[in-house]
Amino acid sequence: MGSGGLELPPGDEGHQGDSTDVPPGAVSLARPMNAGAIGPELDWDADAWHEVRTRAQRAGRAYIWLNLVEQRLRAVVAAVLRPVYEPVHGDDWVVAAAGPAGQEWVQRAVAVREVSRRKGYLLDPADDNVLSFLTLPQLRELMVQHWPCFEPYVDERRDVELALDELEVTRNVVSRNRALSEAVLNQAERASARLLEVLGAGSDVPSARRLPVDAVEDLVGDRYADVVAVHSDRVRLLRQFPAEDLFGSARRVDALGIGLNLLVQNFSGRRLLRMAEAGGRVRLLFLNPASSAIKRRERELGIKRGELSRAVEMNILHMRRVRARLRDPGAFEIQVFDETPRFTAYLVDGDGADGIAVVQSYLRRTRGMEAPVLVLRNGRNGAKVVKSDRVDEGGLFPTYREEFELMWADSRPVS
């Protein structure tokens, strides 16, 4: 007899799911199909797996940002409201702060906390408080209700509320494991970064003004030394990290390569001139256009003899014209080397903690525009939110900086 009062048919061979011999009042239950018939219908093809992985990657990135924002907002609420309510209400200060308007959701948070206690879900004693069980909208409600308390610490209430409005869409999508579009993810990352900045938790990495620190980089960047980005070619690099962002606010540029097209052809000579006149320093190290190494490179690329050397000569002449306009030519140095080129590197502010480097290896039969690109951040290992217990083995930035200095010492100046 089933729970609804209906009789279930017997399970012997004489009563198959599609049999007409069913007792009156019984419910007919179809037998499952054999496993062989189900298997092909449950298979996912390559496109389905790609879609699922893309969804998971986007949701993971969004979750990290949301987690950072929620923890920061929880800390800010506690720092501002606890001194006001705790002296009178003790451990119930969150309930008191919520007031009659928030009685329903704060009591729900209290109930969830008690259930978590009984079931052993509270793994960290620091989370054994009502505040840890409030959601992002509820934390926002506490802040709005007590805005005069927060006003001395936060400049613009509108900025906070707009950022939280943008994050609410992402929060609902992630919490329900729905598809998150790339546009919404990008909006959520921008809103999170802006909100963390407003709440006084912006990145303390000096180079963040040039290359924003990503939340995933902050958390797991130690797995990749000081590599913060990898691009399959220079076109994709410039699409996401334009030359203006790389060189625009630099105080020092050290560049090594064959023709240094990334700098010479993508950044204004007048900007380089102003940077040098403002006290900056530029050191450019080109492959000697008259060397045998450049002839070998031409053969590797399968281009006409003299084509690459002429292009390098034009770049050097352009930089010489820029240098000639300086009152202090020593701030803008140009040299050439004769060795086989192994890589091209642009070290921006490489002598400080805010340095950024763009590095490409030279590949046979592959032009520099088409070669993979690494973006490095100096001092990366000292900027992690989550500190690793492993020994700091350093990064790639110092390696390329040292190589530049060695090649600079062995090169010849261009008059």
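Please refer to the structure placed before this passage.
Throughout what follows, the structure given in this document is the object of discussion. Everything quoted here is computed from the prediction, not taken from an experiment. (Residues numbered from 1 in each chain as written. Predicted model: local features only at pLDDT ≥ 70, side-chain atom pairs only at ≥ 80, totals over all residues. Heavy atoms only, no water.)

1. A short note on the nonpolar core
Across soluble globular proteins, you tend to see nonpolar side chains buried next to one another.
Stage number 1. Judged by nonpolar contacts, the single largest core of 58 residues is most densely connected at Phe-247, Leu-284, Phe-286, Met-319 and Phe-332.
Stage number 2. Core analysis: the second largest hydrophobic core is formed by 43 residues, Leu-66, Val-77, Trp-93 and Ala-98 among them. (Core = buried A, V, L, I, M, F, W, Y, C linked by side-chain atoms within 4.5 Å. Buried < 20%, exposed > 50% of the residue type's maximum accessible area, 1.4 Å probe, protein only.)

2. Details of a positive patch on the surface
Stage number 1. Residues Lys-295, Arg-296, Arg-299 and Arg-305 make up a contiguous surface patch of positive charge.
Stage number 2. Relative to the helices and strands, Arg-299 is located in helix α14 (residues 292-301).
Stage number 3. Residue class for Arg-299 comes out exposed when judged on its relative accessible area of 57%. (Patch = residues over 30% accessible without salt bridge, like charges linked within 9 Å, V, L, I, M, F, W, Y side chains within 5 Å. Areas by Shrake-Rupley, 256 points an atom, 1.4 Å probe, with all protein chains shown as cover. Salt bridge = Lys/Arg side-chain N within 4 Å of Asp/Glu carboxyl O. Lys, Arg positive; Asp, Glu negative; His and termini not counted. Charge placed at Lys NZ, Arg CZ, Asp CG, Glu CD. Helix = DSSP H or I, 4+ residues; strand = E, 2+ residues; numbered from the N terminus.)

3. A word on the side chain of His-231
Stage number 1. Within the secondary structure, His-231 is located in strand β1 (residues 227-231).
Stage number 2. Those residues in contact with His-231 that sit more than four places away from it in its chain are Arg-236, Leu-237, Gln-240, Pro-372, Val-373 and Val-375. (Contact = heavy atoms within 4.5 Å.)

4. A look at the pattern of salt bridges
Oppositely charged side chains are able to pair whenever their charged atoms sit close together.
Stage number 1. Here the structure, examined in full by the defined rule, presents 27 salt bridges.
Stage number 2. Ionic pairing is found between Asp-128 and Arg-117, a salt bridge with its closest N-O pair at 3.0 Å. A residue pair is termed long-range when its members are at least 10 positions apart, and Asp-128 in the loop between α4 (103-119) and α5 (136-145) and Arg-117 in helix α4 qualify at eleven residues.
Stage number 3. Taking relative accessible area as the criterion, Arg-117 reaches 39% and is therefore assigned partly exposed.
Stage number 4. In this structure, Asp-165 and Arg-140 form a salt bridge, with 2.7 Å as the shortest nitrogen-oxygen distance. Here Asp-165 is found in helix α7 (residues 157-175), whereas its partner Arg-140 is found in helix α5, with 25 residues between them in sequence.
Stage number 5. By relative accessible area, which is 19% here, Arg-140 ends up buried.

5. Here we look at the packing of aromatic side chains
Stage number 1. As enumerated under the stated definition, the model contains five aromatic pairs in all.
Stage number 2. Both rings, one in Phe-247 and one in Tyr-346, keep their centres 6.1 Å apart while their planes meet at 70°; by these two values the pair is edge-to-face. In this pair, Phe-247 is assigned in helix α11 (residues 243-247) and Tyr-346 in strand β5 (residues 343-348), connecting sequence segments 99 residues apart.
Stage number 3. With centroids separated by 5.0 Å and ring planes inclined at 75°, the aromatic side chains of Phe-343 and Tyr-400 adopt a geometry described as edge-to-face. Note that Phe-343 is positioned in strand β5 and Tyr-400 in helix α16 (residues 397-409), a separation of 57 residues in sequence. The exposure classification of Phe-343 matches that of Tyr-400, with both residues buried.
Stage number 4. In this structure, Arg-283 packs its charged tip against the face of Trp-408, placed 5.3 Å from the ring centre. (Phe/Tyr/Trp six-rings, centres within 6.5 Å; stacked < 30°, edge-to-face > 60°. Lys NZ or Arg CZ within 6 Å of the ring centre and 35° of its normal.)

Function cannot be read off these values alone, since they describe shape.
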